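Chains, contacts and geometry: an overview
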Amino acid sequence: MVLTAMALAAALTQGPLAAPTNTSRLGADDPVLEVTIDSVAQEVVLRAGPFHIAAATMVPRGQMRSHSHDAHALTPIMRIDWPVEGWLRGFSLRLREADGTELPSAIIHHFVALNYERRQLVYPVIERLFAVGQETSDVLLPPIVGVPLDYGQSLGFYAMWSNTLGRDLSAYIELRVPYLSTTQEPQFEVLPLYLDVNNVIGGESSFDLHSGVNERAFEFEFETAGRIMMVGGHMHDYGEWVRLEDVETGEVLIEVKGELDDKGKTHGVERKIIGFGDDALHVEPGHRYRVVARYDYPESETLKDGAMAHMMGIFVPDDLSDFPELDRSADLYNLDFTNLPTGELHVDGAIGRHSRH
């Protein structure tokens, strides 16, 4: 969950979100959302587009950021009702031009999947089912593992673009979500784990990089007991590692390393299987934990908003019925909800305002 993937604005008191300009009628070049079920491959397939993405305006390295904000356009949220009864077990994201030519993953900063009907484990906000970054490869969980979703459950998806290809683009999204049917009940029902070293609900999860070693950490408690089975992460260039630590003992519980080339460019983040059943890492409520990341930035000038660091994984609650409910009256929930991207794209092609769910 890049987690993330995730642009949130700054204030709880923000006024109503403005309706997009194309709410009344779709034109030939407006994005359309389609959802189909491939029952042979057992995949829910979401296709959407075209999304028109302007080329980035490049600025000198170290002067604010490696590319300007105008390249970071957000799509409206693509809203669907989950169309099968069963368990989610992964994702695969592809970006294409109108003629089918595949576009590089580098044009997308992150892609986020939302579950409006369940909260996150650590943060009392809308669950991020998964998040895809530039370095994220496809995920397919083993068939003994699945994320429970009910038929008709309300989900949303959105992307943040980062078009550094030097030309304007018209892009199409294809998301494939493998699932297990009701006749394939997994051994472990799991939930997504998302930890952010700079979590500021209503703010930015990115932070500045200064010359030399940079560390950022966030302390928290788990809301319920359970086991962490698998982990991965999301980092930007120069990111060395993300760790989960026990605050009370100082022990490093989990570490995933950034996969860097000799210039410090990130090509991925390590993934680890911690274990299944009793071999997994058990965590308890009422105990202090810390997620911490390290960057080693070689330049002399500060890189504004140059870093992010998330740890994502899968979590098996000891008792799923003990998982905390999503409180839609809470201030943090409303802060999170009202600062999601403007507009919603539905299967019928209509784009409209946010509606409170």
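Rules used in this analysis
Residues numbered from 1 in each chain as written. Predicted model: local features only at pLDDT ≥ 70, side-chain atom pairs only at ≥ 80, totals over all residues. Heavy atoms only, no water. Helix = DSSP H or I, 4+ residues; strand = E, 2+ residues; numbered from the N terminus. Buried < 20%, exposed > 50% of the residue type's maximum accessible area, 1.4 Å probe, protein only. Phe/Tyr/Trp six-rings, centres within 6.5 Å; stacked < 30°, edge-to-face > 60°. Lys NZ or Arg CZ within 6 Å of the ring centre and 35° of its normal. Pairing = 2+ DSSP bridges. Axes fitted to C-alpha atoms, helices over the stretch in contact; angles between N-to-C directions. Salt bridge = Lys/Arg side-chain N within 4 Å of Asp/Glu carboxyl O. pLDDT = per-residue confidence, 0-100. Contact = heavy atoms within 4.5 Å. Polar contact = N/O pair within 3.5 Å; in protein donor to acceptor, adjacent residues only side chain to side chain.

1. A closer look at the overall build of the protein
Looking only at helices and strands, the protein features one helix and 26 strands. Across the 357 residues that make up the protein, the buried fraction comes to 54%.

2. A look at the packing of aromatic side chains
Scanning the model with the defined rule gives 15 aromatic pairs in all. Ring geometry for F207 and Y295: centres 6.0 Å apart, planes at 85°, overall edge-to-face. Placement of the pair is F207 in strand β14 (residues 207–209) and Y295 in strand β22 (residues 289–297), with a sequence separation of 88 residues. The exposure classification of F207 matches that of Y295, with both residues buried. A centroid spacing of 5.1 Å and a plane angle of 70° characterise the contact between F222 and Y289, whose relative ring orientation is edge-to-face. Taken together, the residues F222 in the loop between β15 (212–220) and β16 (226–235) and Y289 in strand β22 connect sequence positions 67 residues apart. Across the pair, exposure class does not vary: F222 and Y289 are buried alike. A connected cluster of aromatic rings, assembled from ring pairs, spans Y123, Y194, F218, F220, F222, Y289 and F315. Residue placement shows R79 over the ring face of Y116; its charged tip is 3.8 Å from the ring centre.

3. Brief notes about unusual backbone geometry
Leave glycine aside and you will find that most residues have negative phi; peptide bonds, for their part, are mostly trans. The amide bond that connects G49 to the next residue, P50, takes the cis arrangement and shows omega of 0°. Considering the arrangement of structural elements, one finds P50 in strand β2 (residues 43–53). The phi dihedral of Q42 is positive, around 55°, even though this residue is not glycine. Tracing the sequence through the fold places Q42 in the loop between β1 (32–38) and β2. With phi around 80°, Y238 is a residue other than glycine that occupies positive phi space.

4. As for the sheet that holds β22
Pairing is antiparallel across the open sheet formed by five strands, whose spatial order is β15-β22-β17-β18-β19. At either margin of the open sheet sits one strand with a lone partner, and together these are β15 and β19 (266–269). Ignoring strand direction, the axes of neighbouring strands in this sheet form an average angle of 15°. Bridge count between strand β17 (residues 239–246) and strand β18 (residues 252–260): five bridges; the pairing is antiparallel. Each residue of the ladder has a partner; that of L244, found in β18, is I254.

5. Considering the pattern of salt bridges
Summed over all chains, the structure comprises 19 salt bridges. Across the pair R167 and E97 runs a salt bridge whose closest N-O atoms are separated by 3.2 Å. Taken together, the residues span a long stretch of sequence, with R167 in the loop between β10 (154–161) and β11 (169–181) and E97 in the loop between β5 (90–96) and β6 (108–119) at a distance of 70 residues. We note a salt bridge from R288 to E219, for which the minimum N-O separation is 3.5 Å. Within this pair, whereas R288 is found in the loop between β21 (281–283) and β22, its partner E219 is found in strand β15, the two being separated by 69 residues in sequence. Judged by relative accessible area, R288 falls into the partly exposed class, the value being 28%. One network of salt bridges, in which partners are shared, links E219, E221, E245, R288 and R290.

6. Topic: the confidence of the model for the protein
The share of residues in the protein with pLDDT of 70 or more is 85%, and the mean pLDDT across the chain is 85. Here residues 1–27 scores under 50 on pLDDT; set against residues more than four positions off or in separate chains, the count is 83 contacts. Below pLDDT 50 for its whole length, residues 59–71 participates in 32 contacts with residues either more than four positions away or in separate chains.

7. Points about the side chain of T224
Residue placement: T224 occurs in the loop between β15 and β16. In this structure the side chain of T224 is engaged in a polar contact, spanning 3.1 Å, whose partner is the side chain of D322. Apart from the residues lying within four places of it in its own chain, the contact partners of T224 are L121, P285, F315, D322, F323 and P324.

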